Amino acid sequence: MGAHHVVCIGIDDYSGPSSLNGCAADGEAGSGVLVDVYGVDRARIQLLLNKAATRSRILSTIDALCTKAAKGDVIAIMASCHGSYVRGGGMAVQRVLCPYDVETAHIELAEVGALTQRATAGVKVYVILDTCFQGTITRSLYAENV
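Description of the structure in this document. (Residues numbered from 1 in each chain as written. Predicted model: local features only at pLDDT ≥ 70, side-chain atom pairs only at ≥ 80, totals over all residues. Heavy atoms only, no water.)

## Some thoughts on the overall build of the protein chain
Reasoning step 1: A tally of regular secondary structure across the protein chain gives 4 helices and 7 strands.
Reasoning step 2: Starting at the N terminus and ending at the C terminus, the protein chain contains elements arranged as β-α-β-α-β-β-β-β-α-β-α.
Reasoning step 3: Looking at the protein chain alone, contacts between residues at least 24 apart form 67% of all its contacts between residues at least 6 apart.
Reasoning step 4: Of the roughly 7,800 Å² of accessible surface on the protein chain, 54% is carried by carbon and sulfur atoms. (Helix = DSSP H or I, 4+ residues; strand = E, 2+ residues; numbered from the N terminus. Contact = heavy atoms within 4.5 Å. Areas by Shrake-Rupley, 256 points an atom, 1.4 Å probe, with all protein chains shown as cover.)

## Considerations on the sheet that holds strand E1 (residues 4–10)
Reasoning step 1: The strand order across the open sheet built from 4 strands is E2-E1-E3-E7, with neighbouring strands paired in parallel fashion. A single partner strand is all that each edge strand has here, and the edge strands are strand E2 (45–49) and strand E7 (124–130). Averaged over all pairs of adjacent strands, the angle between their axes in this sheet comes to 10°, without regard to strand direction.
Reasoning step 2: In this sheet, E7 lies alongside strand E3 (residues 74–80) in parallel orientation, the contact comprising 7 bridges. Opposite Ile 75, over in E7, you have Val 125 as the bridge partner.
Reasoning step 3: Sheet strands in contact with helix H2 (residues 55–68) are E1, E2 and E3, and its direction is about 165° off that of E1. (Pairing = 2+ DSSP bridges. Axes fitted to C-alpha atoms, helices over the stretch in contact; angles between N-to-C directions.)

## Overview of the pairing of E1
Reasoning step 1: The buried count for E1 comes to 7 of 7 residues, which makes it a mostly enclosed element.
Reasoning step 2: Taking every second residue as pointing to the same face, both faces of E1 are buried, with His 4, Val 6, Cys 8 and Gly 10 on one and His 5, Val 7 and Ile 9 on the other.
Reasoning step 3: Bridge count for E1 against E3 is 7 bridges, and the pairing is parallel. The residue bridging Ile 9 from the neighbouring strand is Ala 79, located in E3. (Buried < 20%, exposed > 50% of the residue type's maximum accessible area, 1.4 Å probe, protein only.)

## Some details on the pattern of salt bridges
Reasoning step 1: Within this structure, the stated rule accounts for 2 salt bridges.
Reasoning step 2: The shortest N-O distance in the salt bridge between Asp 63 and Arg 118 comes to 2.6 Å. Of this pair, Asp 63 sits in helix H2 while Arg 118 sits in the loop between helix H3 (109–116) and E7, placing them 55 residues apart in sequence.
Reasoning step 3: The exposed category is assigned to Arg 118, whose relative accessible area is 53%. (Salt bridge = Lys/Arg side-chain N within 4 Å of Asp/Glu carboxyl O.)

Rendered as structure tokens:
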């Protein structure tokens, strides 16, 4: 079996009244389950919690995981944070993740999908989201490939 490449994102501390409780703990707990239950090397898990979970840091971390993974490896992207949607042209709706710096930026699920497509053939990619408005993640994430 190949190597694991993991990022666990948890954001509680949004500015204003939209802060959450327990998402950072979910990120930490998710990494603990991977280590304790599945034997993932803790050194292969990156935690991006609260202020560390900016748009640029999340995207650059996912990009790095997908770039360095080799055939047979497993990538896991876990996020516990706010989710939302933005309207595009017409009736189009884009599902988004809300990073720590959501007041100035968001992350469209299509961006995450594009980064995961960079992974070498034979790499398994798992995306686990505990967010609002993500009921159609697989359709949004891979719509271009259907």
